[in-house]
Amino acid sequence: MVSRRDFFMGAGAITAAVAASSVSRVSLAGLPEPVIQSSPETMAPLEPNTGRPYKPVVTLNGWTLPWRMNNGVKEFHLVAEPVVREMAPGFNAHLWGYNGQSPGPTIEVVEGDRVRIFVTNKLPEHTSIHWHGQRLPNGMDGVAGLNQRAIPAGKTYVYEFEAKRPGTFMYHPHADEMVQMAMGMMGFWVTHPRDAHPNIDEVDRDYCFLLNAYDVEPGSYTPKIMEMLDFNIWTFNSRVFPGIDPLVARKDDKVRIRVGNLTMTNHPIHLHGHEFEVTGTDGGPVPRGARWPEVTTDVAVGQMRQIEFIASDLGDWAFHCHKSHHTMNAMGHDVPTMLGVDHRKVVTQINSLIPDYMVMGERGMADMAEMQMPLPENTIPMMTGDGPFGSVEMGGMFTMLKVRADQPAGDYSDPGWYQQPEGTQAFEWTGPLQEPSRFKSEASTGKPAVEVQVRKPTGHSGH
Amino acid sequence: MNKTNTALARLGSTGVLLLTLAGCAGLAPQSSLEQVQQQSAELTGQDSLHWATEQDQPPVVRERIAELLAEPLALESAVEIALMNNPGLQARLFDLGIADAQRVQASRLPNPGFSIGRMTRGSEVEWERGLHLNLGSLIALPLTRRIADGQNAQVQREVSLSVMRLATDTRIAWYRAVAAQQSLAYSEQVLQAADAGAEMAHRMAAVGNYSALQKAREQSFYAEAALSHLQARQEQVASHERLVRLLGLWGEQTNFTLPERLPDVPAEPLDQPDIEQQAMASRLDVQAAQQGAERLATNLKLGKATRFINVLELGISNNSSNEEPVQRGYEITVELPLFDWSGARMAGNEARYMQQLQRTAEVAINARSQVRESYQAYRTAWDVAAHYRDEIVPLRKRISEENMLLYNGMFIGVFELLADAREQISTVNRYLQAQSDFWVAQSELDLVRFGPVTPSEANSASTTPASPAGGH
């Protein structure tokens, strides 16, 4: 496999990745060499060296597809193919994607660019690509059967259109879409404004990622493509926490985050410590007068949201989907609630039959993160990822915004854990407890109207 | 006078000869027992046959049994006890004595007859004295003795078969009893798992996490497990008692223990392509049928030989009268084959002989078929047990391990884990049954080399004690 870096170094071995395909070399002659990426790391922004200049984006745990200029036309080459995506260290999924990864590489162009995209199909079935949100000729919209013939396996088709309006877009198949999207076929598209735009600000850091969801049976590798709602792997760019890189910023950087949702449910994306404004959707930039401050924005199915804020506050700030199950990795959805259930004696009895059995869930699910017990292969625990103060007890759609005073511009590497200044952290109260003020009429021993038995973890278990 | 004297002397010498002939047959039941011991040892592997000639067991036997029962009862110890102690077998052994006595009886001379008559004619008083001997049976004596010998051998063979059948039944009962005991232990484990589930559900309902329906569902598992447990206990008791009966035990003796588990199924099955031929040589019923035919043939010869002298009577008469000189003489009575030329009898004998020949053929064909069937049953039982051992049980174990991992990851809950444990235990239990079936098939295959076995009969695990059913 060849990384984008090799491409820039002019390595001729790039074609090696294609050689194994069933696509004939002759038929590929004259096409831009497809660039293949095997690493799931967040790649540094791809500074444009040809074509119109722009300020590139950073794709979270992803990369931007290089292009070649051909008589003023930007030529890209996408290869649809089966890939192995590392969703987190120790957890690999067998997906379909583009150019070695799922999601595929981000395509960055500038408003007004003429774009020619070669799409080579190395999947076992036909495909097509729909350019979600673009203004283009009807025959380029990519709906197989409606606008074009589906691209047969082994064939290369060409899409060509002008990137008319600036904004945040995505691409995905529109042929056997249910399967191909469930298998991870999708990618990001950013059209940068050609000139200063009244509703589009210049930013210091511009991040983008897609929301996607999979149903991978614990211990297996391939997502269950028939799943409709009961997914167990909720991802940013097909990665789950702790496999998702942090978004880093220098203090007071203006940060833009672009999020697209290709799952089958909405995701309230929530940022800690800062307020942001939704500055754009897939329909274009939001007029300034229509923006309002938020800390959570709901990204509905098939939508894109562009949020912007000033990274004014130092620290490691959580950034996640607010559906709490979406910040978990794979887990059973029919597991009985064991909260408060007394396990004494029964445990011994069970242990005599199942020696490895351990009580879990009696006090809550945090046991899960603490116990570190062996799991099925190719699975990561549902609550995982350690912070400086212990387990973060999060998985799935979770990462952090890391704001540092000294993060150099253009440096996207993880600065490590934030050192909180003395006296700025929650602490244990050890002083005397104040007697709460009561109403004079309040009876101290009166029985409540409804008796509710609650087992509290304070030792009063004799009920 | 002289003439008669000579005749008498001749008769006398014939009598001495006959007496000598008859005299060499003596009662020897012990040697019959030894024969049986020899014949059955190949299967039983025991030389513990003895004759309970007294009402009470000899102390040696009693001590040996006590010694064997003190330890967990091993398979061959059970066979040893059964052979020493099964009262049905003891009763059967007396058939040897009876047959031996009949054999001796058959070789004895027919008793001579004596007649005396007194007749008066006027003043004359006449005494008639006669001594007569059935010459026909005398001539037939060597033949009848051979027949009796053959009968004795047949009884020995039948008793041997009874011994072997008892040994086999004892082994089968032992395997069943050990398996039932192991099964009971497994059912206890299942019960425990179900109990844990029911208790857990109860506690979950108590803190409000489970509905009455969910709780009832878990409790119903427990209720059903309890039922299976009862059945397992019943089977354990029944199989233990079956063994007790075969061992002929009572009172304190019945409190023996069994080993905890069945022996492992051998890694490879016996491959016996020539088992049919072997069996034809060793099958006692085939031998018996053949000898039966031979005996009938002898019988037929005898019939032919005595055809005309069937009632040949030699008599000496001594008639004395107070008025006449003593008359001496002999008389020979021969039945004139005027009306009965023994044709019907001969035809009957021939028919019986032919019948026996057909029966022998049937026995041989059945024996071959039974051997093949038993071998097939043995192979299938091995295949099934090996399949459990090599495929099903390891897979079940693997499933349980994977389920444990799923539980660890909170993909499944404790109830699924318990249900899986129950499933795993009952799979192991089914393996145990397959193991037990294999050993039963093995025991039957051992027996079928010597005598008839109906696999389905023994497989039903309800074999009755090998009391002298006399089989065939």
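Residues numbered from 1 in each chain as written. Chains lettered and ligands numbered in written order. Predicted model: local features only at pLDDT ≥ 70, side-chain atom pairs only at ≥ 80, totals over all residues. Heavy atoms only, no water.

1. A word on the overall build of chain B
Here's step 1: For chain B, the count of helices and strands is 12 helices and 4 strands.
Here's step 2: Burial statistics for chain B: of 472 residues in total, 46% are counted as buried.
Here's step 3: Across chain B, the fraction of contacts at a sequence separation of at least 24, relative to all contacts at a separation of at least 6, is 79%.
Here's step 4: Approximately 24000 Å² of chain B is accessible, and the part contributed by carbon and sulfur atoms is 55%. (Helix = DSSP H or I, 4+ residues; strand = E, 2+ residues; numbered from the N terminus. Buried < 20%, exposed > 50% of the residue type's maximum accessible area, 1.4 Å probe, protein only. Contact = heavy atoms within 4.5 Å. Areas by Shrake-Rupley, 256 points an atom, 1.4 Å probe, with all protein chains shown as cover.)

2. Considerations on the interface of chain B and chain A
Here's step 1: Contact with chain B, which involves 29 residues of that partner, is made by 35 residues of chain A.
Here's step 2: Across the interface of chain B and chain A, roughly 2700 Å² is buried in total on both sides, 72% from carbon and sulfur atoms.
Here's step 3: Looking at the side of chain B facing chain A, the largest losses of area belong to Arg203(B), Met410(B) and Phe411(B), adding up to 27% of the total buried there.
Here's step 4: Across the contact surface, chain B and chain A share 1 salt bridge.
Here's step 5: Taking the shortest distance from any N to any O, the salt bridge between Asp342(A) and Arg203(B) comes out at 4.0 Å. (Buried area = accessible area lost by both parts, 1.4 Å probe. Salt bridge = Lys/Arg side-chain N within 4 Å of Asp/Glu carboxyl O.)

3. So, the sheet that holds strand β7 (residues 130-132) of chain A
Residue and element names in this part refer to chain A.
Here's step 1: Spatially, the 4 strands line up as an open sheet ordered β5-β10-β9-β7, and their pairing is mixed. The sheet terminates laterally at β5 (107-110) and β7, the two strands that pair on one side only. Ignoring which end each strand starts from, the neighbouring axes of this sheet average 25° apart.
Here's step 2: Note: β7 against strand β9 (residues 167-172), 3 bridges, orientation antiparallel. Residue pairing for β9: Trp 131 is matched across the bridge by Tyr 171. (Pairing = 2+ DSSP bridges. Axes fitted to C-alpha atoms, helices over the stretch in contact; angles between N-to-C directions.)

4. Digging into the UniProt feature "domain: Plastocyanin-like" (unreviewed entry) in chain A
Residue and element names in this part refer to chain A.
Here's step 1: Cross-referencing UniProt, the feature "domain: Plastocyanin-like" (unreviewed entry) maps to residues 91-194 and 222-335 in the present numbering.
Here's step 2: Taken end to end, residues 91-194 is 6% helix and 40% strand, and its two terminal C-alpha atoms sit 41 Å from one another.
Here's step 3: What you have in residues 222-335 is 0% helix and 43% strand, and the ends, taken at the C-alpha atoms, are 23 Å apart. (UniProt positions renumbered as here; feature names shortened; annotations may be inferred.)

5. So, the packing of helix α6 (residues 135-206) of chain B against helix α7 (residues 212-247) of chain B
Residue and element names in this part refer to chain B.
Here's step 1: For the pair α6 and α7, the least separation of the axes is 7 Å and the interaxial angle reads 160°. Regarding the angle of α6 to α7, the classification is roughly antiparallel. Seen from above, α6 lies across α7 with left-handed handedness.
Here's step 2: When its residues are assigned to classes, the contact of α6 with α7 shows 20 nonpolar, 10 polar and 9 charged. (Parallel < 35°, antiparallel > 145°, perpendicular 65-115°, else oblique. Left-handed = near helix turned anticlockwise from the far one by under 90°. Nonpolar A, V, L, I, M, F, W, Y, C, P; charged D, E, K, R; others polar.)

6. Overview of the environment of Ser115(B)
All names here are of chain B.
Here's step 1: Looking at where Ser 115 falls in the secondary structure, it is placed in strand β1 (residues 113-121).
Here's step 2: Put simply, Ser 115 and Lys 397 are 282 residues apart on the chain and 92 Å apart in space, counted from C-alpha to C-alpha.
Here's step 3: Among all residues touching Ser 115, those that are not within four sequence positions of it are Glu 128, Arg 129, Gly 130 and His 132.

7. Details of the nonpolar core
Across soluble globular proteins, nonpolar side chains have a tendency to be buried as a group.
Here's step 1: If you look at the biggest cluster of nonpolar residues, it comprises 116 residues, and the most contacted ones within it are Tyr357(A), Leu73(B), Trp174(B) and Met200(B).
Here's step 2: Setting aside chain neighbours within four positions, we find Met200(B) in contact with Met338(A), Val341(A), His343(A), Val346(A), Ile350(A), Tyr357(A), Val414(B) and Phe415(B). (Core = buried A, V, L, I, M, F, W, Y, C linked by side-chain atoms within 4.5 Å.)

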